[in-house]
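Residue-level listing of the chains:
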Amino acid sequence: MYRYIIKRVLLLIPILIAVSFIVFFIVDLAPGDSIDAVFGNELSTEDKETMREEMGYNDSLLVRYARYIGNVFKGDMGMSVLFKKPALELYLNRVPATLKLAFWGIFIALIIAIPLGVISAIHQNTFIDTLSTILGLLGMSMPSFWFGLLMIILFSLKLGWLPSFGNEGRGSIIMPALTVGVGQAALLMRTTRSSMLEVIRQDYIRTARAKGVKEGVVIYKHALRNALIPIITAAGTQLGIALGGTVVVESVFAWPGVGKLTIDAFNARDTTLVVGCLILTTALSSVLMMFIDIIYAFVDPRIKARYSR
Amino acid sequence: MVKEKLVLEINDLVVNYETDNGTVHAVNGINLKLKQKQSVGIVGETGAGKTTTALAILNLIPQPTGIIKNGTIIVDGKNMLTISESDLRMMRGKGVSMIFQDPMTALNPVFTIGEQIAESVRIHEGVSNKDAMQRAIEMLEIVGIDKDRAYDYPHQLSGGMKQRVVIAIALACQAKLLIADEPTTALDVTIQAQVLELIRSYREKYDTAMILITHDLGIVAETCDEVAVMYAGVIVEYGTLEDIFNRTKHPYTEGLFNSLPNIIERRSKLTPIPGMVLDPTILPDGCVFADRCSYVIDTCRTTFQKDIAVSDTHIVRCSRYQEPGFNIKRMIA
Amino acid sequence: MKKLSYLFSVITLMVTIVIIGVLFTSTEALAAQPEGQNKTPKDKIVFSTRLDFTTMDVTNTPSTITKSVYHSVYNTLVEKDVATNEIIPALAESWTMDSPTEYSFILRQGVKFHDGSDFTSADVKFTYERALEHNSSKSKLASLASIELDGDYALKIVLKQPNMDFLDIITDPTLSILSKNAFEALGDEKGIQQGTGPYKYKEWDQGSYLDLEANDEYWGGKPATNELRLQYISESSSRLIAVKTGEMDFIQDPPLSELANIKADSSLKLLTYPSASVELLFFNTKQPPMDNPDVRRAIEYALNRQDIVDGVFLGNAIPNNNIMHSSNAYYSEIESVDQDIEKAKELLAKAGYADGFELTLISNSSPDSQAICTIVQAQLDEIGITVKYEPLENATHTTVAKSGEGYHMDSCQWSGYAFGPDLGIRELIYSSGSNNYAHYSDAKMDQMIDDAIKIEDKSERIAAYKAIEEYSEDVMVVYPICVKNYTFVSGINVEDIPQPNGPIMNYRNLVSYSE
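Residue numbers restart at each chain and count upward from 1, following the sequence in its written direction. Lettering of chains starts at A and numbering of ligands starts at 1, both following the order in which they are written. Totals for whole chains, interfaces and linings use every residue, but because this is a predicted model, local features are given only for residues with pLDDT of at least 70 and side-chain atom pairs only at 80 or more, for both listing and counting. Hydrogens and water are ignored here; the side-chain numbers use all heavy atoms of the structure.

1. Some remarks on the sheet that holds strand β5 (residues 78-79) of chain B
All names here are of chain B. Taken in spatial order, the four strands line up as β2-β1-β4-β5 in an open sheet, and their pairing is antiparallel. Edge positions in the sheet fall to β2 (22-35) and β5, since each of these pairs with one other strand and no more. With 11 bridges joining them, strand β1 (residues 6-19) and β2 adopt antiparallel strand pairing. Bridged to T19 within β2 is G22. The strands touched by helix α1 (residues 50-57) within the sheet are β1, β2 and β4 (66-75), with β1 carrying the most contacts at an inclination of about 115 degrees. At least two bridges found by DSSP between two strands are what make those strands a pair. Secondary structure elements follow DSSP: runs of H or I no shorter than four residues count as helices, runs of E no shorter than two count as strands, and numbering proceeds from the N terminus. By definition in these notes, contact holds between two residues if any of their heavy atoms fall within 4.5 Å. For every element, the axis is a line fit to its C-alpha atoms; helices are fit only across the contacting stretch, and the angle between N-to-C directions ranges from 0 to 180 degrees.

As structure tokens, this is what we get:
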């Protein structure tokens, strides 16, 4: 297992180098640079040109990239042109809020999705199944912007129960997490349903029933545990996406996550910050995926056996 | 007349599967009685309704497609089809337990084999986890698996060991009735014998009644007191080992024997039963075997003969036995 | 199984309740709180603007929200009275213009920076020299030749050439006076955070909020409100709800579509001021047929400002026919042509485009610009001009507009009018102007602009700018449309938010009363 983890971490390095180069290249392709985007009309053309020269913007892409990656290996991820702060500091400042939102979001998604998916599967093609499917579709097709605002109107404005913005105080996580969670629940519910449908037809479920095991235990212990791998995979993917930032939810609830930071950075053509954000998000997601793989091993002993080889 | 207590009594059981291609008539009115210690072998081709009958006894017909249309199944005095959920759970594993066909898929891959045996013990014996595990380890030893393997997962075991685990689960709570569905198909011949011996000694110890489902007539001969020959959801012939093997009456049973390799005359050709198995979605008016039967007469195609008692122990469903002096050609001894 | 069904019912019920509750919830506000008898200022005011505070690096940002914060944390040498457009004392108590290139300042005594150090003339010299070292601020002080200190509380500034906008320029919060001692004692990062203003930095959670606390020692008197929080909420609907719930004392820029509801809501106050920016259309004179004055004039005849004001801004803007912003002291009323489709067609025919032609219109990603372009498209269609509209992302827009390639017309905003008349006009229409998206080059125009900056007499100078404004209308390379309003929504207990100085908001005297 440890060897497996070390292998994964080492594999991360080339991935991050590739990601950083691709992002560097793409940001470079987009017209405009941070000097124009940030300073716009404030500076004369000559002043901007001097700045570009000083900041090395006129060097070729490869030279700039080599310089950047060289600094990264020295532990320096560069300064944001927009915020005049180290990219690493800006990113790390946002990470706790993003993690909080992502994990609560997926938690809520799973709490909704697993029971609904299981119930759909055991009542396949009945009214209950159809109703769950409709609820799932509703959750998936409901724009999170709209759903978020309606919740704010109900819970903050009408009832006064929850704060309408920010990441402070009691209950501030509830509505953002619900918005993220409801959106993710639909896919997870469908995954749970199809995975469960496959598992409850397996012979070992019949074996369990033949032993006299209670139906609830059959479903939630014997079947669900076996159905978990696809669910965990889907949840991990959703979580990975959420770690990159949930821009709409962050905007609606003024949630200080990495998504808005990345978008703001890109709009300002703040290459250093954009590349920094994406490298760090990739690293974060990779670590997450590694955890997911480790969770697999705990859920399914066959996978665990494979890792130790 | 003292009525002997029956472990199992099946009356006129009819089981259908509602599929997209129509209604599959899996079991079409079978009757079966089983006393304590008694063992009956159910033989027949794949699709004859043997496993469906077994699952019906446990009230485990796959839902929602499987429907028990008719009949009663009494195990140890309780009607398995009408008792409450919780009574049914108590009967499963304790009243009647089953050894499933395919050991590769019958075990849950994410739990240790010890846990899977212990679960049954815990449910039915009301003992602590620790005691249940102890019992599971004993069971493993009984079926010949080292106790150290109790904490192994199914994927760490060979096919033969898995089958032993499946057997250990079925035997764990000393059920009154044991259903063994092809318990040895997945095993090689030497292990087959061991497994059968295991079951036999266990039954002797606990006076367990048994239904053995197989298409291997040899195993039936070794293990069972009585034999039910099933074809297309119907028991076409029923009798003691003697009755079936030496006084074969039904043309289908004859066909089964003819299709066995002849050990004495090794050069003789195998004689397969001509024709195809009946389309299970069509239930004919006449005899289910009529289309493949070499003794067929017109009556066979219009009416399906009820049971004819050839002797006290021997029943056959074939209208030709209405004719005095009729017999099939197979004559042994 | 029964338990599962039960659980399922509960979940379904809960989801249904939420959905029904949400669907039947309208946006009516909560009942207004009755106004109390004893008004006491609240300790803390929370507000939100459209954009985030970006940096504490004073000399180094164009962000107007950020500059507005500087206005509360720091002082400049002189400031501007928004009501009269006059330059008023701040850290300089008085000043004289000894010659067109020489200014003498007498500084205020007893002023302390937030770190406790005294404000002296050395700090002014330090600040301006530091600004000259930074590319992002040096052009503002391009005309500065030298600073001569005359003791701790007097100094003389010498310019390279006359610049009658000099005093206006140094009101820019990016030229706020910094403490030389603080830089030396605390280092650059902490040093730059020490101002002399009524508020000091308390806590900045980047991306979330910026907390300011009152400076008890402020030379102009301690502010009424003890703490200010600038909260970043980028979504306008969310901002509006936050002020409705009372979590915010006031917000800027609610959704325009909600203006009518806000006006009708007795628990809210709506306040509007003309914004700093003028919506403009540029004719790219490098791109034929936009080099033809008749074509440009024809388009001017085809357009109608009021339609845009009503259609895009729902009336929440003021038509502006002048390249100068109406709030600038050097703005004059000038004549311009009204919509006249016949006249427009006539001019097009004269230019050889009787059957019209196709042109490309670009804009930045501002929703306002995009809506303006749609209306322009419809209006030009009337005279047979087919408009191909290409909205561009902001940074892309800047690059394309500067290149002068691939577009005939451009829609964007310009807001350089806050620090004197010169910058606003020069960058727009001077041949080397940074925002000259018309790519217009006219020696006469350049000369007029260069002359106007040197005129000492105010009324003469006003006349000179009027001439420039009229000449711009004559050549019609930039079509000014309107000035959008800034809108503020506050609770009824919040005192009116002061009028901003151009794009710089004044947060110094915010007061909200609690009952």
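2. Re the side chain of C:Q193
Within the secondary structure, C:Q193 sits in the loop between α6 (180-191) and β9 (199-205). Sequence-distant contacts of C:Q193, that is, excluding residues within four places in its chain, are made with C:M56, C:V73, C:Y74, C:H114 and C:Y201.

3. Topic: unusual backbone geometry
Between C:P288 and the following residue, C:P289, the backbone shows a cis peptide bond with an omega angle of 0 degrees. Here C:P289 shows up in the loop between β13 (268-283) and α9 (293-302). Positioned with a positive phi, A:R269 is a non-glycine residue whose angle comes to about 50 degrees. Under the scheme applied here, a residue whose accessible area is under 20% of the maximum for its type counts as buried, over 50% as exposed, and between as partly exposed, the area being computed with a 1.4 Å probe on protein chains only. For A:R269, a relative accessible area of 2% translates into the label buried. One non-glycine residue, B:Q174, adopts positive backbone phi at about 50 degrees. Its place among the elements puts B:Q174 in the loop between α6 (159-171) and β7 (177-181).

4. Side note on the interface of chain A and chain C
Contacts between the two partners involve 60 residues from chain A and, on the opposite side, 62 residues from chain C. Here, a salt bridge means any side-chain nitrogen of Lys or Arg that lies within 4 Å of a carboxyl oxygen of Asp or Glu. Linking chain A with chain C are two salt bridges. One salt bridge connects A:R269 with C:E393, and the closest N-O pair in it is separated by 2.5 Å. Any pair of nitrogen or oxygen atoms within 3.5 Å is treated as a polar contact; in protein, a donor-acceptor pairing is required on top of that, and neighbouring residues in sequence qualify only through side-chain atoms on both sides. Put simply, chain A and chain C have nine residue pairs in polar contact (both at pLDDT 80 or more) between them. At the level of elements, α2 (34-39), α3 (45-54), α5 (87-122), α6 (127-141), α7 (144-158), α10 (215-243), α11 (247-252) and α12 (258-267) of chain A are the ones that each hand at least two residues to the side of chain A that touches chain C. With 11 residues, α7(A) is the largest single contributor of residues to the side of chain A that touches chain C. Put simply, Ala, Val, Leu, Ile, Met, Phe, Trp, Tyr, Cys and Pro go in the nonpolar bin, Asp, Glu, Lys and Arg in the charged bin, and everything else, Gly too, in the polar bin. Partitioning the side of chain A that touches chain C into residue classes produces 33 nonpolar, 13 polar and 14 charged.

5. Structural notes on empty space enclosed by the protein
Residue and element names in this part refer to chain B. Every definition here rests on a 1 Å grid over the protein atoms only: cavities are sets of points where a 1.4 Å probe fits but cannot get out, pockets are open sets enclosed by protein on both sides within 12 Å along at least five of seven lines, and lining residues have some atom within 4 Å of a point. Grid points are joined across faces, edges and corners, and a volume is the space filled by probe spheres set on the points. Counting across every chain of the model gives five cavities of 30 Å³ or more. A volume near 90 Å³ is recorded for the largest cavity. As for the largest cavity, its lining consists of 15 residues, and the residues nearest its centre are C287, C293, C300, C318 and S319. Its residues assigned to classes, the lining of the largest cavity comprises 10 nonpolar, four polar and one charged.

6. Brief notes about the arrangement of the chains
The chain pair with the greatest number of contacts, out of two pairs of chains in contact, is formed by chains A and C. Contact between chain B and chain C is absent, and the minimum C-alpha spacing across the pair is 10 Å.

7. Quick look at the domain arrangement of chain C
All names here are of chain C. For chain C, the assigned domains are domain 1 (75-181), domain 2 (199-274 + 486-514) and domain 3 (278-484). Where each domain starts and ends comes from a domain assignment, either automatic or drawn from a database. Spacing between the C-alpha centres of domain 2 and domain 3 amounts to 33 Å. Listed per partner, the contact involves 12 residues of domain 2 and 10 residues of domain 3. Buried area: the accessible surface (1.4 Å probe) lost by two parts on joining, summed over both. Both faces combined, the contact of domain 2 with domain 3 buries some 730 Å², and carbon together with sulfur accounts for 69% of it. When the buried area of domain 2 at its contact with domain 3 is split by residue, L256, P274 and P503 rank highest and sum to 56% of it. In this assembly, domain 2 and domain 3 are joined by zero salt bridges. Joining domain 2 to domain 3, the criterion identifies zero residue pairs in polar contact (both at pLDDT 80 or more). Of all elements in the fold, only β13 and β18 (478-491) reach the threshold of two or more residues within the side of domain 2 that touches domain 3. Among the residues forming the side of domain 2 that touches domain 3, the class breakdown is seven nonpolar, five polar and no charged.

8. Side note on the pattern of salt bridges
Overall, the coordinates contain 46 salt bridges over all chains when judged by the stated rule. C:K67 is the salt-bridge partner of C:D172, the closest N and O atoms lying 3.4 Å from each other. Pair noted here: C:D172 is in the loop between α5 (166-169) and α6 and C:K67 is in helix α2 (residues 64-73), with a separation of 105 residues, a long-range link. The exposure class assigned to C:D172 is buried, which follows from its relative accessible area of 3%. Among the ionic pairs, C:D422 bridges to C:R426, the shortest N-O distance being 2.9 Å. A residue pair is termed a helical-turn pair when its members lie 3 or 4 positions apart in one helix, as C:D422 and C:R426 do in helix α14 (residues 421-429) at four residues. Comparing C:D422 with C:R426, the two get one shared label, buried. Several salt bridges share partner residues, and in doing so they unite A:E168, C:D211 and C:R229 into one network.

9. Topic: the packing of α5(A) against helix α8 (residues 174-199) of chain A
Residues and elements named next belong to chain A. Orientation of α5 relative to α8, taken along the N-to-C sense of each, is 35 degrees, at an axis distance of 6 Å. The crossing of α5 and α8 is right-handed. Class assignment for the residues of the contact of α5 with α8 results in 22 nonpolar, six polar and one charged. With the far helix as reference, a near helix turned anticlockwise by less than a right angle produces a left-handed crossing, and one turned clockwise produces a right-handed crossing.

10. Quick notes on the interface of chain A and chain B
Listed by partner, the interface residues are 20 residues for chain A and 24 residues for chain B. Between chain A and chain B, roughly 2200 Å² of surface is buried when both sides are summed, and carbon and sulfur atoms account for 60% of that area. A salt bridge links B:E119 to A:K221; the shortest N-O distance between them is 3.5 Å. Applying the counting criterion to the chain A and chain B interface returns 10 residue pairs in polar contact (both at pLDDT 80 or more). Of all the secondary structure elements, the ones that give two or more residues to the side of chain A that touches chain B are α9 (203-210), α10 and α14 (301-308) of chain A. No other element matches α9(A), which puts six residues into the side of chain A that touches chain B. Taken together, the residues of the side of chain A that touches chain B sort by class into seven nonpolar, four polar and nine charged.

11. A closer look at the sheet that holds strand β7 (residues 144-149) of chain C
Residue and element names in this part refer to chain C. Ordered by their spatial adjacency, four strands build an open sheet running β5-β6-β8-β7, and the pairing between neighbours is antiparallel. Bordering the open sheet on either side are β5 (92-99) and β7, each of which pairs with just one other strand. On average, each strand axis in the sheet is inclined to that of its neighbour by 20 degrees, with strand direction left out of account. Of the pairings in the sheet, the one linking β5 to strand β6 (residues 102-107) comprises six bridges and is antiparallel in character. Looking at the pairing, A92 lines up with L107 of β6. Contacting β6, β7 and β8 (154-159), helix α3 (residues 121-133) runs over the sheet at an angle of about 160 degrees to β7.

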